[in-house]
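Given next are the chains, with one letter for each unit.
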Amino acid sequence: MSGGEVAGLLVAVFWAILVSFLAVVLVRLAQTLKAATRLVTGVTEQAVPLLTEASETVRSAQSQLSRVDAIASDVQEVTANASALSSTVSTAFGGPLVKVAAFGYGVRRALGRRNDPPRSRRPVVVGRSVPAARRGAGRRRDGKD
């Protein structure tokens, strides 16, 4: 074998090894791509129903919120009506009721005094001093309590 044949043989072996290596790499890459494709397909199959359910849930929540909003506005209206009714009743019956109660109290007091014997009053003695408790002895003279 001559030097050119050996060199040709070496180049042929090198190319055979290189092609074999590339073939192994391509087979592994194809397997990885198939696995990735299966994974993406599985995720897609699970994600689409989840997204559909989430969309339905959002629609349901939106309809419930609109119902709650309607209920809240109704409650606000009822509260305003109750407040107006309360002030109307207070205005209509409050003043006259207080007057009737005061009149009844006055009548009871007058009848009670008429039936009671007159109270004896203590005689006032000129020249005696008023006890300290009545004079306000506990108070300060500078006006600060």
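Scroll up to find the structure this text is about.
What comes next is a walk through the structure. (Residues numbered from 1 in each chain as written. Predicted model: local features only at pLDDT ≥ 70, side-chain atom pairs only at ≥ 80, totals over all residues. Heavy atoms only, no water.)

Another aspect to go through is the overall build of the protein. Counting its regular elements, the protein contains two helices and zero strands. Within the span of the protein, comprising 145 residues, buried residues form 0% of the whole. Accessible surface, the protein as shown: approximately 13,700 Å² in total, 64% of it carbon and sulfur. (Helix = DSSP H or I, 4+ residues; strand = E, 2+ residues; numbered from the N terminus. Buried < 20%, exposed > 50% of the residue type's maximum accessible area, 1.4 Å probe, protein only. Areas by Shrake-Rupley, 256 points an atom, 1.4 Å probe, with all protein chains shown as cover.)

Taken together, Val11, Phe14, Trp15 and Val19 make up a surface patch of nonpolar side chains, about 430 Å² in accessible area. Secondary-structure assignment places Trp15 in helix 1 (residues 3-115). (Patch = residues over 30% accessible without salt bridge, like charges linked within 9 Å, V, L, I, M, F, W, Y side chains within 5 Å. Salt bridge = Lys/Arg side-chain N within 4 Å of Asp/Glu carboxyl O.)

Keep in mind that these numbers describe shape and distance, not what the molecule does.
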